[in-house]
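Each chain, written out:
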Amino acid sequence: SHIFIQQSNNKKKEFLTNIIIKSISYLNKIELFDNRNNVSIISSLSNGVSNYLDVNDKFIRIQGMRIARQLAESIGQKITFEELDIYENSSASDITNSEPEYE
């Protein structure tokens with residue numbers, strides 16, 4: 001997943017993020033913590049979010065923060081990121097346009 005995160009363009013990254021966020025919103029706590037296959041959805045998503053947050057690219061980190069926030073809300077928690085708040089309160093194109101595009 002690190003390769004996709006780092007090498008796809010920002011539109012693809014944002015599209016994937018939106019799909020993940022929408023999918024999380026349809027799951028309840030029981031489904032998120034269900035570990036029938038020896039790994040829970042929440043565990044897998046947490047590992048994926050870590051991949052997003054470990055990258056130096058600001059746009060990618062923002063997408064990881066968006067997923068983390070939705071995941072936290074789905075389990076009744078609240079998480080805030082100052083960097084995400086700034087991004088959402090400013091012009092999104094400022095960050096998107098400053099990042100290199102990868103095809």
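See the structure shown above.
Since the structure is predicted, the reported quantities are computational estimates derived from the model, not experimental observations.

(A) Main features of helix H4 (residues 41–53). End to end, H4 covers 18 Å across 13 residues, agreeing with the expected 18 Å (1.5 Å per residue, within 8%). Residues of H4 that are buried include every one of Ile 42, Leu 45, Val 49 and Tyr 52, and no others. Down the axis of H4, the buried set is contained in an arc of 70°. They therefore lie on one face.

(B) Examining the pattern of salt bridges more closely. All told, the structure shown has two salt bridges when counted by the stated rule. Between Glu 83 and Arg 61 there is a salt bridge whose closest N-O contact spans 2.7 Å. Of the two residues, Glu 83 is situated in helix H6 (residues 82–89) and Arg 61 in helix H5 (residues 58–74); the sequence distance between them amounts to 22 residues. Glu 83 gets classed as partly exposed once you look at its relative accessible area, which sits at 24%. Between Arg 69 and Glu 88 there is a salt bridge, and its shortest N-O distance comes to 2.8 Å. You can see Arg 69 sitting in helix H5 and its partner Glu 88 sitting in helix H6, a full 19 residues away along the chain. For Arg 69, a relative accessible area of 23% puts it in the partly exposed group.

(C) Representation of the packing of H4 against H5 within the structure. It is at 8 Å that the axes of H4 and H5 come closest, and there the two elements cross at 155°. As summarised for this structure, H4 and H5 are arranged roughly antiparallel, according to the angle between their axes. Crossing handedness for the pair H4 and H5: left-handed. Counting all contacts with H4, which are made through Ile 42, Leu 45, Ser 46, Val 49, Tyr 52 and Leu 53, the residues of H5 involved are Ile 60, Arg 61, Gln 63, Gly 64, Met 65, Ile 67, Ala 68 and Leu 71.

(D) Expanded view of the side chain of Asn 10. Mapped onto the secondary structure, Asn 10 falls in helix H2 (residues 10–26). By relative accessible area, which is 1% here, Asn 10 ends up buried. A polar atom in the side chain of Asn 10 sits 3.2 Å from the side chain of Lys 13.

(E) Focus on the nonpolar core. Among the nonpolar cores identified, the biggest contains 20 residues, and Ile 20, Ile 24, Leu 32, Leu 45, Ile 67, Leu 71 and Leu 84 are the most heavily contacted of them. Residue assignment for this core shows that the elements contributing at least two residues are H2, H4, H5 and H6. Among the elements that take part in this core, H5 stands out by supplying seven residues, more than any other. Apart from residues no more than four positions distant in its own chain, Leu 32 is found in contact with Leu 27, Ser 40, Ile 41, Ile 42, Leu 45, Leu 71, Ser 74 and Ile 75.

(F) Up close: the side chain of Gln 63. Position of Gln 63 relative to the elements: it lies in helix H5. According to the relative accessible area criterion, Gln 63 is buried, its value standing at 0%.

What counts and what doesn't
- Residues numbered from 1 in each chain as written.
- Predicted model: local features only at pLDDT ≥ 70, side-chain atom pairs only at ≥ 80, totals over all residues.
- Heavy atoms only, no water.
- Helix = DSSP H or I, 4+ residues; strand = E, 2+ residues; numbered from the N terminus.
- Expected span 1.5 Å × (residues − 1).
- Buried < 20%, exposed > 50% of the residue type's maximum accessible area, 1.4 Å probe, protein only.
- Arc of directions from axis to C-beta.
- Salt bridge = Lys/Arg side-chain N within 4 Å of Asp/Glu carboxyl O.
- Axes fitted to C-alpha atoms, helices over the stretch in contact; angles between N-to-C directions.
- Parallel < 35°, antiparallel > 145°, perpendicular 65-115°, else oblique.
- Left-handed = near helix turned anticlockwise from the far one by under 90°.
- Contact = heavy atoms within 4.5 Å.
- Polar contact = N/O pair within 3.5 Å; in protein donor to acceptor, adjacent residues only side chain to side chain.
- Core = buried A, V, L, I, M, F, W, Y, C linked by side-chain atoms within 4.5 Å.

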